[in-house]
Amino acid sequence: MSGGEVALVGTGPGDPDLLTIRALRLIERADVVLYDNLVSPAIMAMVGASTRRVYVGKQRNRHAMRQESINELMVELAREGQRVVRLKGGDPFIFGRGGEEIETLSEQGIRFEVVPGITAASGVAAYAGIPLTHRAYAQACVFITGHLQDGSMNLDWPMLARPRQTIVCYMGFLGLDELCRQLVAHGLPASTPAAIVQQGTQPTQRVVTGTLESLPLLAAQASLRAPTLIIVGDVVRLREKLQWFERRGAAQAEAIESPHSAN
Ligand code: SAH
């Protein structure tokens, strides 16, 4: 049977309203959906009742399915003639192994497409009220992974510890201490503003702000839940003025609690 194909679909950082129209169309007509922990429950709720769901997620150090098996499964399903949708959190090509997943498809001659998604950096920053660039504070923005290898981060510290630059760190929770320490050791002021955001764009979003000096302790005390994103740079200051998501949430909660209030 022919006609099978695979769509590698970015689903954004969690709020289902941030899906692209293309993503939604593909999800609606999929025969089988492959997903992992980064795909929010609200997005999984949009998958049709008759669509098969396969969990291929990974938890730290514990892979439900190895990368090669995921690749092989997608080839197999497409060969059976199925319309396969592989959901990825954020954007498939930003720290998402999207390249590796479609390499096998390409080698095997399977038809595929890639649908970009809103990456955590832009979705989370927008909902936290932290502009990643700003004429007064940052002319550059770098995305890094803080994933620890043998307990340390192998990063270009002199390049990162530059002024007027925002750093967005994915997968950095366990390395937060090391990140802050190295940035200060390489020349950023210990007073540089920094934030960590839990489950950005989702109703459970929480933002902890501090400085390179104070953030590790503040974050530990907050007992945050994954996924979390770290943002470092003077732009973090703007949140005080520009945060809107929590305020709107609070306003809505108030409205629900006191429906007859005059204001
Ligand atoms: N491809 C994804 C990133 C995958 S790496 C993207 O483009 O967004 C996984 C990391 O992304 C997590 O460890 C976390 O740092 C970050 N992340 C993803 N969704 C997030 C969210 N809703 N809130 C905070 N961080 C998030």
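Calculation rules
The numbering scheme is per chain: residues are counted from 1 as the chain's sequence reads. Local features in this predicted model are restricted to residues of pLDDT 70 or higher, and side-chain atom pairs are both shown and tallied only at a pLDDT of 80 or more, whereas totals for entire chains, interfaces and linings draw on every residue. Excluded from the side-chain calculations are hydrogens and water; all other atoms, namely the structure's heavy atoms, are used. The split of the chain into domains comes from an automatic or database domain assignment. Contact definition: two residues touch when any of their heavy atoms are within 4.5 Å. Accessible-area loss on putting two parts together, using a 1.4 Å probe and summing over both, is the definition of buried area adopted here. Salt bridge criterion: a side-chain nitrogen from Lys or Arg within 4 Å of a carboxyl oxygen from Asp or Glu. Think of a polar contact as two N or O atoms within 3.5 Å of one another; within protein, one of them needs to be a possible hydrogen donor and the other a possible acceptor, and neighboring residues in sequence only count if both atoms come from side chains. A single heavy atom is enough: if one lies within 4 Å of a molecule or strand, its residue is considered near that molecule or strand. Accessible areas in this description were obtained via Shrake-Rupley with a 1.4 Å probe; residue shielding takes into account the shown protein chains only. Side-chain classes are defined by residue name, with Ala, Val, Leu, Ile, Met, Phe, Trp, Tyr, Cys and Pro counting as nonpolar, Asp, Glu, Lys and Arg as charged, and the others, Gly among them, as polar. Residues enter a nonpolar core if they are buried and are Ala, Val, Leu, Ile, Met, Phe, Trp, Tyr or Cys, with the set joined through side-chain atoms within 4.5 Å. Working definition: with a 1.4 Å probe on protein chains only, accessible area under 20% of the residue-type maximum means buried, over 50% means exposed, and in between means partly exposed. Helix numbers and strand numbers start at the N terminus; a helix is a DSSP run of H or I with at least 4 residues, a strand a run of E with at least 2. For two strands to be treated as a pair, DSSP must find at least two bridges joining them. Lines are fitted to the C-alpha atoms to define the axes, a helix being fitted only along its stretch in contact, and any angle between axes, read from their N-to-C directions, falls within 0 to 180 degrees.

Observations regarding the domain arrangement of the protein chain
One frequently used descriptor of interface size is the decrease in accessible area upon assembly of the parts.
Part 1 of the reasoning: Assigned domains within the protein chain: domain 1 (5-118) and domain 2 (121-245).
Part 2 of the reasoning: Between the C-alpha centres of domain 1 and domain 2 there is a distance of 28 Å.
Part 3 of the reasoning: Each partner contributes to the interface: domain 1 provides 10 residues, whereas domain 2 provides 14 residues.
Part 4 of the reasoning: Both faces considered, domain 1 and domain 2 share a buried interface measuring about 900 Å² in area, 70% of it formed by carbon and sulfur atoms.
Part 5 of the reasoning: Counting every contact that joins domain 1 to domain 2 gives zero salt bridges.
Part 6 of the reasoning: The interface formed by domain 1 and domain 2 holds three residue pairs in polar contact (both at pLDDT 80 or more) in total.

Topic: the site of the ligand
Part 1 of the reasoning: The immediate surroundings of the ligand are formed by 20 residues, with Pro13, Asp91, Ile94, Thr119 and Thr228 found nearest.
Part 2 of the reasoning: One of the side-chain nitrogen or oxygen atoms of Thr119 is found 2.6 Å away from an oxygen atom of the ligand.
Part 3 of the reasoning: In the environment of the ligand, an oxygen atom lies 2.6 Å from a nitrogen or oxygen atom belonging to the backbone of Thr228.
Part 4 of the reasoning: Considered on its own, the ligand offers 550 Å² of accessible surface; in the complex 92% of this is hidden by protein.
Part 5 of the reasoning: Its residues placed into classes, the shell around the ligand shows 11 nonpolar, eight polar and one charged.

Observations concerning the nonpolar core
Part 1 of the reasoning: In terms of nonpolar packing, the biggest core is built from 23 residues, with Leu179, Leu183, Ile196 and Val232 touching the most fellow members.
Part 2 of the reasoning: Breaking this core down by element, the ones donating at least two residues are strand E8 (140-145), helix H6 (157-160), strand E9 (165-170), helix H7 (176-185), strand E10 (193-198), helix H8 (215-221) and strand E12 (228-232).
Part 3 of the reasoning: If you tally residues by element for this core, the top one is H7, at four residues.
Part 4 of the reasoning: Discounting residues that sit within four places of it in the chain, Val232 has contacts with Gln165, Thr166, Ile167, Leu179, Leu183, Thr192, Pro193, Ala194 and Leu212.
Part 5 of the reasoning: One finds Val124, Ala125, Val168 and Val235 within the second-largest nonpolar core, a separate group that totals 18 residues.

Let's talk about the sheet that holds E8
Part 1 of the reasoning: Reading across the sheet, the five strands line up as E8-E9-E12-E10-E11 and stay open at both edges, with mixed pairing between neighbours. The open sheet has two free edges, formed respectively by E8 and strand E11 (206-211), since each of these has just one partner strand. Across the sheet, the mean angle from the axis of one strand to that of its neighbour is 20 degrees, orientation sign disregarded.
Part 2 of the reasoning: Pairing of E9 with E12, which is carried by three bridges, proceeds in the antiparallel orientation.

Digging into the sheet that holds strand E1 (residues 5-10)
Part 1 of the reasoning: Across the sheet, five strands lie side by side as E3-E2-E6-E1-E7; this open sheet has parallel pairing. Strands at the two margins of the open sheet, each flanked by one partner only, are strand E3 (52-55) and strand E7 (111-115). Adjacent strand axes in the sheet meet at a mean angle of 20 degrees when their direction is disregarded.
Part 2 of the reasoning: Relative to strand E6 (residues 83-88), strand E2 (residues 32-35) runs parallel, the two sharing three bridges. Residue pairing across strands places Val32 opposite Val84, the latter belonging to E6.

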